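What follows is the residue order along each chain.
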Amino acid sequence: MRQNRANLPYPALGRFAWLMGLYGENYERLLRLADLRAMAPGHYLSSVGDGLDLHLEVLERHAHTVELRLSYAILDPLTGRPDPSAVLRAYTDSRQAEALTCHIGRHWQDVLGLRPSPRVMMGHRLRMNGFLGKWLGYLEGLGHGRGTLRSAREDERPQNLSMTDA
């Protein structure tokens, strides 16, 4: 049974407002990890000595957006691709960042079908961006950040992941 939000003793937060809040939090966490406004397209690496290096790849830059991929060098046995892997879009003007995909080569259409209901689509975006927020918080807790991020040498880049894979 759905509760009438007007009768709540506190302000109700709708799903869209919650999602926009996640986008804002994810942007702030992403900024602590990388200088989004200054990074050129290319491959970056963050190592904190735990044997699990973080790979950040700036895929594209535009006037107010940056598209990037975060992953570890752990390969999924089924696909042979890095997993977990998330493709992100950061909006530098509105200070928001959203997860576009959380699995290599899988877009929302692959997961939800071509005509998902708005409720299904919103739930999917909430789950992906909730995952992103938790992952960015975890990375920050491990010590990944601007001080540990550097340009990756050619031999440090995953061999099976090209800039065109999304």
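Just so you know, these numbers come straight off a predicted model, no measurement behind them. (Residues numbered from 1 in each chain as written. Predicted model: local features only at pLDDT ≥ 70, side-chain atom pairs only at ≥ 80, totals over all residues. Heavy atoms only, no water.)

1. As for the packing of aromatic side chains
- Tallying each qualifying case throughout the model produces two aromatic pairs.
- When the ring of Phe131 is compared with that of Trp135, the centres are 5.6 Å apart and the planes differ by 35°; the resulting orientation is tilted. With Phe131 and Trp135 both in helix α3 (residues 118–142) and four residues apart, this pair spans about one turn of that helix.
- By relative accessible area, which is 6% here, Trp135 ends up buried.
- Taken together through their ring pairs, the aromatic side chains of Tyr72, Phe131 and Trp135 make up a single cluster. (Phe/Tyr/Trp six-rings, centres within 6.5 Å; stacked < 30°, edge-to-face > 60°. Helix = DSSP H or I, 4+ residues; strand = E, 2+ residues; numbered from the N terminus. Buried < 20%, exposed > 50% of the residue type's maximum accessible area, 1.4 Å probe, protein only.)

2. Section: α3
- For α3, which comprises 25 residues, the first-to-last C-alpha distance of 36 Å matches the rise-based estimate of 36 Å (1.5 Å per residue) to within 8%.
- Every buried residue of α3 is listed here: Met121, Met122, Gly123, His124, Leu126, Met128, Asn129, Leu132, Gly133, Trp135, Leu136 and Leu139.
- Phi for Gly143, located one or two positions after α3, is positive at around 110°. (Expected span 1.5 Å × (residues − 1).)

3. Some details on the pattern of salt bridges
- Under the defined criterion, the tally for this structure stands at six salt bridges.
- A salt bridge links Arg32 to Glu140; the shortest N-O distance between them is 2.8 Å. Of this pair, Arg32 sits in helix α1 (residues 15–33) while Glu140 is found in helix α3, placing the two residues 108 residues apart along the sequence.
- Judged by its relative accessible area of 42%, Arg32 falls in the partly exposed class. (Salt bridge = Lys/Arg side-chain N within 4 Å of Asp/Glu carboxyl O.)

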